[in-house]
Amino acid sequence: MCLSDGERGVEPLNARKIIVGITGSIAAYKSAELVRKLRQQGYEVTVVMTPAATEFITPLTLETLSGRPVASEFFPTARRPQVLHISLAQWADLLVVAPATANIIGKVAAGIADELLATVIMATEAPVLFAPAMNAAMYSNPILTANISRLRQYGYQFVEPEVGELACGGIGKGRLAPIKTILAAIEELLNSSSELSSKKVLVTAGRTEEDLDPVRFLTNRSTGKMGYALASEAKRRGADVNLISGPSRLPSPLGVRLISVRSAEQMSREVKQWFPRSDVLLMAAAVADFRPRDKAASKIKKQEGLLLELEKTPDILLEIKPLKGDKIVGGFALETEDGLANARRKLKSKGLDFIVLNAPTALGADANQVTVLGADGKTERLSQMSKLEVARGILDRVVGLVRTKGPKEEKTS
Ligand code: CTP
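Residues numbered from 1 in each chain as written. Predicted model: local features only at pLDDT ≥ 70, side-chain atom pairs only at ≥ 80, totals over all residues. Heavy atoms only, no water.

**Q** Just give me the short version of a nonpolar patch on the surface, but keep the residues and values in it.
**A** A surface patch of nonpolar side chains, about 360 Å² in accessible area, is lined by Phe 290, Leu 306, Leu 308 and Leu 310. Position of Leu 310 among the secondary structure elements: in strand 15 (residues 310–312). (Patch = residues over 30% accessible without salt bridge, like charges linked within 9 Å, V, L, I, M, F, W, Y side chains within 5 Å. Areas by Shrake-Rupley, 256 points an atom, 1.4 Å probe, with all protein chains shown as cover. Salt bridge = Lys/Arg side-chain N within 4 Å of Asp/Glu carboxyl O. Helix = DSSP H or I, 4+ residues; strand = E, 2+ residues; numbered from the N terminus.)

Below you can see the structure in the form of structure tokens.
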């Protein structure tokens with residue numbers, strides 16, 4: 001076999017480093033093309049194969065195409081200077097698993113690291129992209145759907161498979177995405193992972209709970225999905241992310257510092273502490289507006305009726321308004337009527353760069369239809385989409401604002 005320079009590896013200085021993980025799917029042969037294309041584009045590539053993958057395509061093929069030894073054994077016989085899974089995990093700028101079987105997705109979602117590839121995925125801090133390929137019935141299995149959703153919440157990325165003819169016969173969704181789609185996702189991930197690299201992003205999420213007595217509290221239906229999606233997306237773009245969250249069942253996205261709070265008062269305290277050290281604040285939390293004026297020391301006993309006296313909680317955005325300076329602050333508005341007018345009023349009174357108007361149906365839902373109102377007077381209505389996609393749209397806006405507000409480059413003449 002004869003390889004061109006691009007394929008053989010005349011490596012440009014500072015070439016980005018990619019691990020291509022291959023698992024045991026009939027689509028494994030397509031990863032040869034992926035490795036070839038990545039090398040042509042100047043990336044350094046190391047292939048990590050699961051034992052099952054080596055039944056579908058030989059390590060020799062991938063070693064030849066990548067120009068580097070293929071790793072597949074957790075305890076290789078040849079002596080290596082470092083612990084293999086850690087050195088690989090630290091070497092990579094990005095890890096792509098193509099094809100990714102239900103097995104590898106399930107293992108990572110469950111935290112099982114019983115062979116080299118799963119261990120490297122769990123040990124790396126680089127972005128990880130899965131390109132699933134499998135039988136259509138397996139792909140639509142609710143266990144897999146839940147595993148993918150769990151991994152997405154942690155910040156793992158996916159390139160969806162295509163609908164098409166499957167190796168097992170029949171037509172369905174499960175064919176590995178075209179190589180050019182996977183390459184585009186890799187490019188996007190590598191480029192976007194540096195957009196906010198020097199920025200500190202503070203996100204608030206979820207509801208607050210305001211105690212009435214030792215066993216009861218006032219709260220709302222927010223689950224934190226929007227705020228967690230924002231934190232995950234900001235992290236994906238390279239920001240240093242702090243997430244102040246009210247009670248939520250969601251896992252904290254990987255690499256994001258989670259600061260857990262319960263009440264509006266606690267959230268206010270944490271925001272005031274972290275805001276001065278942040279460049280961006282995204283205030284997605286559904287902060288309770290009222291709390292019981294007095295918290296009963298013991299459980300309030302059953303009685304004919306109960307009159308509760310409530311008092312206002314701190315308005316966190318108003319509290320930090322005097323500290324804003326040229327920091328970027330985005331708020332959220334939840335309205336049941338006169339949405340645009342109310343959102344516009346909040347945008348002004350709270351001194352925000354933009355406000356995201358949601359409908360009350362957004363609370364707890366996976367999808368959302370939002371309208372973003374900017375301090376520049378522009379209004380953008382996004383179509384109904386997943387909260388992760390909404391988060392992408394919002395972070396695009398943040399990146400745009402960072403660029404316009406950022407320090408001007410000094411002229412060197
Ligand atoms: N917010 C806040 N502190 C509060 C209440 C809300 O910082 N005590 C923030 C929310 O996180 C959101 C924005 O203010 O980013 C708007 O919240 P929303 O509940 O829509 O409006 P309110 O200001 O509470 O006004 P109202 O309840 O009258 O609609």
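So that's the structure; there's more coming.
**Q** Kindly report on the layout of surface pockets, identifying the contributing residues and their values.
**A** Estimated volume of the largest pocket: approximately 900 Å³. Contributions of two or more residues to the lining of the largest pocket are made by helix 10 (225–236), strand 15, helix 12 (316–320), strand 16 (328–334) and strand 17 (354–358). For the lining of the largest pocket, the class distribution of residues is 20 nonpolar, 11 polar and 7 charged. (1 Å grid on protein atoms, 1.4 Å probe; cavity = no way out; pocket = protein on both sides within 12 Å on 5 of 7 lines; lining within 4 Å. Points joined across faces, edges and corners; volume = space filled by probe spheres on them. Nonpolar A, V, L, I, M, F, W, Y, C, P; charged D, E, K, R; others polar.)

**Q** Which residues make up the sheet that holds strand 5 (residues 157–158), and what values do they have?
**A** Read across the sheet, 5 strands follow the order 2-1-3-4-5 without closing on themselves; strand pairing throughout is parallel. Looking at the sheet topology across the chains shown, the edges are occupied by strand 2 (44–49) and strand 5. Here strand 1 (residues 17–22) pairs with strand 3 (residues 94–100) via 4 bridges, running parallel. When the bridges of strand 3 are listed, Ile 19 appears paired with Leu 95. (Pairing = 2+ DSSP bridges.)

**Q** Break down the domain arrangement of the protein chain for me, with residues and values.
**A** We note that the domain assignment places domain 1 (5–190) and domain 2 (200–296 + 304–406) within the protein chain. The interface is formed by 8 residues belonging to domain 1 together with 9 residues belonging to domain 2. Carbon and sulfur atoms supply 51% of the area buried between domain 1 and domain 2, which totals about 830 Å² over both sides. Along the contact surface separating domain 1 from domain 2 lie 2 salt bridges. A salt bridge links Arg 392 to Glu 188; the nearest nitrogen and oxygen atoms lie 3.8 Å apart. At the boundary of domain 1 and domain 2, one finds 1 residue pair in polar contact (both at pLDDT 80 or more). Among the secondary structure elements, those contributing two or more residues to the side of domain 1 that touches domain 2 are helix 8 (142–154) and helix 9 (179–192). Looking at the side of domain 1 that touches domain 2, the element that brings in the most residues is helix 8, giving 3 residues. Here the side of domain 1 that touches domain 2 is composed, by residue class, of 3 nonpolar, 3 polar and 2 charged. (Domains from an automatic or database assignment. Contact = heavy atoms within 4.5 Å. Buried area = accessible area lost by both parts, 1.4 Å probe. Polar contact = N/O pair within 3.5 Å; in protein donor to acceptor, adjacent residues only side chain to side chain.)

**Q** Outline the sheet that holds strand 19 (residues 370–374), listing residues and values.
**A** In spatial order, the strands read 12-11-8-13-16-17-19-20; together these 8 strands make up an open sheet with mixed pairing. Edge positions in the sheet fall to strand 12 (257–260) and strand 20 (379–381), since each of these pairs with one other strand and no more. For this sheet, the mean inter-axis angle between neighbouring strands, taken without regard to orientation, is 15°. Two elements, strand 8 (residues 200–205) and strand 11 (residues 240–245), share 6 bridges in a ladder whose sense is parallel. Residue pairing in the sheet places Val 201 in a bridge with Val 241 of strand 11. (Axes fitted to C-alpha atoms, helices over the stretch in contact; angles between N-to-C directions.)

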